[in-house]
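Now for the letters of each chain:
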Amino acid sequence: AQSVAQPEDQVNVAEGNPLTVKCTYSVSGNPYLFWYVQYPNRGLQFLLKYITGDNLVKGSYGFEAEFNKSQTSFHLKKPSALVSDSALYFCAVRSLSGGYQKVTFGTGTKLQVIP
Amino acid sequence: ETGVTQSPTHLIKTRGQQVTLRCSSQSGHNTVSWYQQALGQGPQFIFQYYREEENGRGNFPPRFSGLQFPNYSSELNVNALELDDSALYLCASSPGTSLSYEQYFGPGTRLTVT
């Protein structure tokens, strides 16, 4: 069974400082990994994904994520946080099982950027 | 380009009743997925439809069923509603079934079961 863990319910960071939101995963086969952001009372928005290739992937709004196969991690990063980055962040993994698609999201990490 | 739309926005139902939620996929997208997001939780995958056939399903009982229409819009039906079905239901579309595609989410339907 596949799983996604986001070990931190909340991350607080000062504006202008670098931020990291952690994600680890477990999946059979090659991982298809995604980060989404959710603003209050809104649906999820896609940030970035890792499919194959470079371990460092870049996405929207200056976010990037580092894929680490040996540690089965896919941490979200940003060099300089903005107050407007405050939101709920979800890591997700997709896979095929018996020809059927499955998607698993983590429980989410609330990012609070302090002015 | 029209994004993913869902209706209704909010819904209140009584335990034991049936409910139908609707979703229009983003223009050009032929694959639709449904998720249940309980308060304070991550989205839970219910199922996915491609060309009117279910091609993915999470751990939800058969009383959760769906349809996809030729125009790629979709419905989520829930029978015999339970209090625990209270949640935000999200619809997401993508341009195909490849695992590499990101999904585009609608704003959701807030279902309250009393």
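Worth saying up front: this structure is predicted, and the values here are computed from it rather than measured.

Quick look at the overall build of chain B
Link 1 in the chain: Regarding its fold elements, chain B presents zero helices and 11 strands.
Link 2 in the chain: Written out in order from the N terminus, the α and β elements of chain B read β-β-β-β-β-β-β-β-β-β-β.
Link 3 in the chain: For chain B, whose C-alpha radius of gyration is 13 Å, the value lies close to the compact-globule estimate of 13 Å for 114 residues.
Link 4 in the chain: By residue count, 54% of the 114 residues in chain B fall in the buried class.
Link 5 in the chain: Considering only residue pairs separated by 6 or more positions, chain B has 54% of its internal contacts joining residues 24 or more positions apart.
Link 6 in the chain: For chain B, the exposed surface amounts to about 5200 Å²; the carbon and sulfur share of it is 47%.
Link 7 in the chain: For chain B, the centre of its 7 positive side-chain charges and the centre of its 9 negative side-chain charges are spaced 8 Å apart.

Quick notes on the nonpolar core
Link 1 in the chain: Residues A:Trp35, A:Leu47, A:Leu48, A:Phe74, A:Leu76 and A:Tyr89 are the most contacted members of the largest nonpolar core, which totals 27 residues.
Link 2 in the chain: Among the elements of the structure, β2 (10–14), β3 (19–21), β5 (32–38), β6 (44–50), β8 (64–68), β9 (73–78), β10 (87–97) and β12 (109–114) of chain A are those that each provide at least two residues to this core.
Link 3 in the chain: By size, the runner-up hydrophobic cluster in this structure holds 20 residues, among which are B:Trp34, B:Ala87, B:Tyr89 and B:Val113.

Re the sheet that holds strand β1 (residues 5–7) of chain B
Residue and element names in this part refer to chain B.
Link 1 in the chain: Here we have four strands laid out as an open sheet, ordered β1-β3-β8-β7, and antiparallel in their pairing. Edge positions in the sheet fall to β1 and β7 (64–68), since each of these pairs with one other strand and no more. Across the sheet, the axes of successive neighbouring strands diverge by a mean angle of 20°, strand direction being ignored.
Link 2 in the chain: The pairing of strand β3 (residues 19–24) with strand β8 (residues 74–78) spans five bridges and is classified as antiparallel. Its bridge partner being in β8, Thr 20 is matched across the sheet by Asn 77.

Quick word on the environment of A:Ala14
Residue and element names in this part refer to chain A.
Link 1 in the chain: Relative to the assigned elements, Ala 14 resides in strand β2.
Link 2 in the chain: For Ala 14, a relative accessible area of 35% puts it in the partly exposed group.
Link 3 in the chain: The sequence separation of Ala 14 and Gln 112 amounts to 98 residues, and the corresponding C-alpha distance is 8.4 Å.
Link 4 in the chain: Setting aside residues up to four positions removed in sequence, Ala 14 forms contacts with Ala 81, Val 113 and Ile 114.

Rules used in this analysis
- Residues numbered from 1 in each chain as written.
- Chains lettered and ligands numbered in written order.
- Predicted model: local features only at pLDDT ≥ 70, side-chain atom pairs only at ≥ 80, totals over all residues.
- Heavy atoms only, no water.
- Helix = DSSP H or I, 4+ residues; strand = E, 2+ residues; numbered from the N terminus.
- Rg over C-alpha atoms; globule rule 2.2 N^0.38 Å.
- Buried < 20%, exposed > 50% of the residue type's maximum accessible area, 1.4 Å probe, protein only.
- Contact = heavy atoms within 4.5 Å.
- Areas by Shrake-Rupley, 256 points an atom, 1.4 Å probe, with all protein chains shown as cover.
- Lys, Arg positive; Asp, Glu negative; His and termini not counted.
- Charge placed at Lys NZ, Arg CZ, Asp CG, Glu CD.
- Core = buried A, V, L, I, M, F, W, Y, C linked by side-chain atoms within 4.5 Å.
- Pairing = 2+ DSSP bridges.
- Axes fitted to C-alpha atoms, helices over the stretch in contact; angles between N-to-C directions.

Spatial relationships are all this shows, so hold off on functional conclusions.
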